[in-house]
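Here's the letter readout for the chains.
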Amino acid sequence: MKTIILPMSDAGKKGQAEKRIEELRAELRRHEHLYYVMDAPEISDAEFDKLMKELKGLEAEHPELVTPDSPSQRVGGKPAEGFQKVRHSRPMLSLDNAYSEEELRDWDRRVHELAGSLPVEYTAEQKMDGLSIALHYEAGPDGSARLVRGLTRGDGQIGEEVTSNVRTIRSVPLVISAEKLTGAGVPATFEVRGETVMPEKAFEQMNKERVAEGLEPAVNPRNAAAGTLRTKDSSIVAQRRLDVYAYFLLVNGEYLDLGQDATLDALTALGFRVNPHRGKMHKVEEMMKFIEQTEKRRPTLGYDIDGVVFKVNSQATQARLGYTGRAPRWALAYKFAAEQAITQMYDIMITTGRTGKLTPTAMLKPVFVGGATISRATLHNADWIERMGLRIGDWVKIERGGDVIPKVAAIVEDADHPRGKEKYVYPTHCLVCGAEAVREEGEADYRCVNIDCPALLHGAIEHWASRAVMNIEGLGEQSVYALIETNAVKSVADLYSLTEEKLASLTQETERNGVKKQQRVFGPVEIKKLLKQIEGSKEAGLARVLMGLGIRFVGERTADAIAQEFGSMDAIMNASKDELERVEEIGARISHAITDFFARPANRELIEHLKAAGVKMTAEKKQKTTQLAGLTLVLTGTLPNLSREEAKAKIEAAGGKVSGSVSKKTNYVIAGEEAGSKLDKARELNVPVLDEAGLVALLEGRSRE
Ligand code: IVH
């Protein structure tokens, strides 16, 4: 039969192109999933490229049909301007660690105690050594789910939006069909959390290229992945081949009540890459076996792992166990033992940190350990060095576990490794300012206590500007050094009086080939950026400012808690130790450090300067929880975990009332074991009855059933 080709109208052509584009996209998506997630390609790379080429060709002809979720868009788009900060739907927490069977047993015991009568089964997963990521999907018009946002962990509360970079990662689905969603029982608007890793091969490739370009190679895949994810040009990200392994599924900031094991199944069904090395178990012996197997597999996986994560499987049990400030009680990371190597130490370097502490660092002949080349390691403190009688030229054993900074673990001495000759004499003076360093009773370190020491100021400013504190980009080590050296900045408050003229006038002497020259420290573009960043940091808020002051022991979590409780710097400055200790996280040690800090006039003056400069020093006070406002509850029987007093205190703290007898006005009866007549009365009057878990859920505002 002869086919007659009729000339087509433009609309007809477009309709046909649209259809073909859709076909190609569906086909490409299927092959991407087979290739990147299942590791089971059906077609050759060349065939894949051909389909992609056809799609790109059609999209070039019909640019109005290009959508951000098209597979063609994985090549990355225009460079992003900075990164938007976005609050997480619920904090991205950390994990508590265990390093031995004993610690694992302790955890298992605690889990059982707290779980009471609820089931305890564990899931085991590999702990991948990358960085966590949150992927947000939203319902599209056709009921499918579309990737709308990718956020890094950031500080755990607020992440950085890296969506255009995440779009280039092939194992992240850009669209998930309505059928798949229905099949997995997941609504079209949801969030997936997982780990971004750079596979070994990609890491080697990247470093080869960097070295060829005369750049420093990245130390390890984790750093490489972190750097890549925060690259401003997503076409570079597209070349780097990151992978995302999914492990959590949330809807409206809550975990689905599937439990962990079924969550991993659902994620697989939705097309995410889920680490296949996983298990389910009850006993510590089985957990140890899983750890052993995983450690054996470790060298051949093709990506880095640094341990095993155990999670309580049941969602109800997880809810009962709850969280500490930084980590869930229902999960634990078992970290593999640190890797070791032996090398020679040719010198010891002493630096003065922002707290004035003199910190010794071992300078080493480069050695490969724990996936990275190490040429420096921490040396504990002066006390340790003296006790060990360390000598320059000694051979030392280096230990390095995953993200942990390498440390000198021991001195090695045998026929091949003779002791060094020169006994090391610890300096008694700060090497930066020359002032005598002091070592207080019972302290292991020397400290420089000269408040004018440039090292202290340098450290203070770097800390103030760091990402976790005021997040002032463009204030790196060198520029801070220049600001101090030129006397432009004598305290962190001075940063806020820097002007364009002032920064432009700063010069530094440089020397090249014996010729001395005065050179500008900052160029005009840098100056604009820096001033904008400094201005923006004024809004960082009370907790960040508090952290930025560098008070001993006051880190992020403590600063957050204090800021929420007191609401303003004035209230904190004038608080007594007792008042400070009313904050849950704060004990005598911290309250002492805080009151001691504010007792010094120079520090109060600093606060006044910052205030005058317009740095915000207030915070939203913690909202009183009013989850149970207006409700009357009756307690009866013995609850598994909470004492009668604890339960009453919690209810009242949430705005509820506790009554001694059941009436029609009672909203809930909380019944424990051996509940008596009050329970009968509740049933008679049709008052809802909850167990302890129900009460906890109610207090957390999760449900009222
Ligand atoms: S669960 C509540 N599962 O390890 C946070 N984390 O040390 C629990 N990680 O920030 C996260 N593999 O980036 C979980 N299978 C896994 C993991 C995993 C790697 C990372 C994650 C987390 C860090 C905590």
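Note that the structure is predicted; figures quoted are calculated from it, not measured. (Residues numbered from 1 in each chain as written. Predicted model: local features only at pLDDT ≥ 70, side-chain atom pairs only at ≥ 80, totals over all residues. Heavy atoms only, no water.)

So, the layout of surface pockets
Sizing a probe to match a water molecule and rolling it over the atoms shows the empty space that remains.
Alright, step 1. In this structure, the second largest pocket occupies an estimated 1,600 Å³ of space.
Alright, step 2. Of all the elements in the fold, those that place two or more residues in the lining of the second largest pocket are strand 22 (447-448), helix 13 (454-465), helix 21 (588-599) and helix 22 (601-612).
Alright, step 3. The biggest single contributor to the lining of the second largest pocket is helix 13, with six residues.
Alright, step 4. Partitioning the lining of the second largest pocket into residue classes produces 19 nonpolar, nine polar and twelve charged. (1 Å grid on protein atoms, 1.4 Å probe; cavity = no way out; pocket = protein on both sides within 12 Å on 5 of 7 lines; lining within 4 Å. Points joined across faces, edges and corners; volume = space filled by probe spheres on them. Helix = DSSP H or I, 4+ residues; strand = E, 2+ residues; numbered from the N terminus. Nonpolar A, V, L, I, M, F, W, Y, C, P; charged D, E, K, R; others polar.)

Quick notes on the site of the ligand
Alright, step 1. In the vicinity of the ligand lie 14 residues, with E125, K127, M128, E195 and K311 positioned nearest.
Alright, step 2. In isolation the ligand exposes 520 Å². Once the protein is present, 90% of that is buried.
Alright, step 3. Those elements giving two or more residues to the shell around the ligand turn out to be strand 3 (122-128), strand 9 (243-251) and strand 12 (305-312).
Alright, step 4. Among the elements that make up the shell around the ligand, the one with the highest residue count is strand 3 (four residues).
Alright, step 5. A class-by-class count of the residues in the shell around the ligand yields seven nonpolar, three polar and four charged. (Near = heavy atom within 4 Å. Areas by Shrake-Rupley, 256 points an atom, 1.4 Å probe, with all protein chains shown as cover.)

Details of the pattern of salt bridges
Alright, step 1. If you walk through the whole model with that rule in mind, you get 37 salt bridges.
Alright, step 2. Residue K311 pairs with E125 through a salt bridge whose shortest N-O separation is 3.0 Å. One end of the pair, K311, is in strand 12; the other, E125, is in strand 3, with 186 residues separating them in the sequence.
Alright, step 3. Shared partners join several salt bridges into a network, and the residues in it are R29, D69, D142 and R146. (Salt bridge = Lys/Arg side-chain N within 4 Å of Asp/Glu carboxyl O.)

A few points about the packing of helix 13 against helix 14 (residues 477-485)
Alright, step 1. Viewed as axis vectors pointing N to C, helix 13 and helix 14 meet at an angle of 130°, and their least axial separation amounts to 10 Å. Compared by their axis directions, helix 13 and helix 14 come out oblique. Two packed elements cross with a definite hand, and for helix 13 against helix 14 that hand is right-handed. Residues P454, L457, H458, I461 and E462 of helix 13 form the contact with helix 14, whose own contacting residues are E477, V480, Y481 and I484.
Alright, step 2. Partitioned by chemical class, the residues of the contact of helix 13 with helix 14 number six nonpolar, one polar and two charged. (Axes fitted to C-alpha atoms, helices over the stretch in contact; angles between N-to-C directions. Parallel < 35°, antiparallel > 145°, perpendicular 65-115°, else oblique. Left-handed = near helix turned anticlockwise from the far one by under 90°. Contact = heavy atoms within 4.5 Å.)

Quick word on the packing of helix 3 (residues 101-115) against helix 10 (residues 284-297)
Alright, step 1. Relative orientation of the contacting elements helix 3 and helix 10 amounts to 135°, with a least axis distance of 10 Å. When the axes of helix 3 and helix 10 are compared, the pair comes out oblique. Once helix 3 is placed against helix 10, the crossing between them reads as right-handed. Along its contact with helix 3, which presents E101, L104, R105, W107 and D108, the element helix 10 presents V284, E285, M287, M288 and I291.
Alright, step 2. Considering only residue class, the contact of helix 3 with helix 10 consists of six nonpolar, no polar and four charged.

Points about the side chain of R240
Alright, step 1. Mapped onto the elements, R240 comes out in helix 8 (residues 234-240).
Alright, step 2. Despite its burial, R240 pairs with no opposite charge; the closest candidate is E209, at 5.6 Å N-O.
Alright, step 3. Side-chain polar atoms of R240 contact the side chain of T228, separated by 2.9 Å.
Alright, step 4. Ignoring any residue separated from it by four or fewer positions in sequence, one finds R240 in contact with M198, A202, M206 and T228. (Buried < 20%, exposed > 50% of the residue type's maximum accessible area, 1.4 Å probe, protein only. Lys, Arg positive; Asp, Glu negative; His and termini not counted. Polar contact = N/O pair within 3.5 Å; in protein donor to acceptor, adjacent residues only side chain to side chain.)

So, the sheet that holds strand 5 (residues 145-152)
Alright, step 1. On the basis of which strands lie adjacent, the open sheet formed by six strands has the order 7-5-4-8-9-10 and antiparallel pairing. Edge positions in the sheet fall to strand 7 (175-176) and strand 10 (254-255), since each of these pairs with one other strand and no more.
Alright, step 2. Bridge count for strand 8 (residues 190-197) against strand 9 is seven bridges, and the pairing is antiparallel. Each bridged residue has a counterpart across the sheet, and for E195 the counterpart in strand 9 is Y245.
Alright, step 3. Each of strand 4 (131-139), strand 5 and strand 8 touches helix 7 (residues 221-229); the most contacted strand, strand 4, lies at about 40° to it.
Alright, step 4. In the packing of helix 9 (residues 260-270) onto the sheet, contacts are made with strand 7, strand 8 and strand 9, and the angle to strand 9 comes to roughly 115°. (Pairing = 2+ DSSP bridges.)

With respect to the sheet that holds strand 12
Alright, step 1. Read across the sheet, five strands follow the order 2-13-12-3-11 without closing on themselves; strand pairing throughout is mixed. Of all the strands in the sheet, just strand 2 (97-98) and strand 11 (278-281) have a single pairing partner and so form its edges.
Alright, step 2. Pairing of strand 3 with strand 11, which is carried by four bridges, proceeds in the antiparallel orientation. Following the sheet pairing, T123 is matched in strand 11 by K280.

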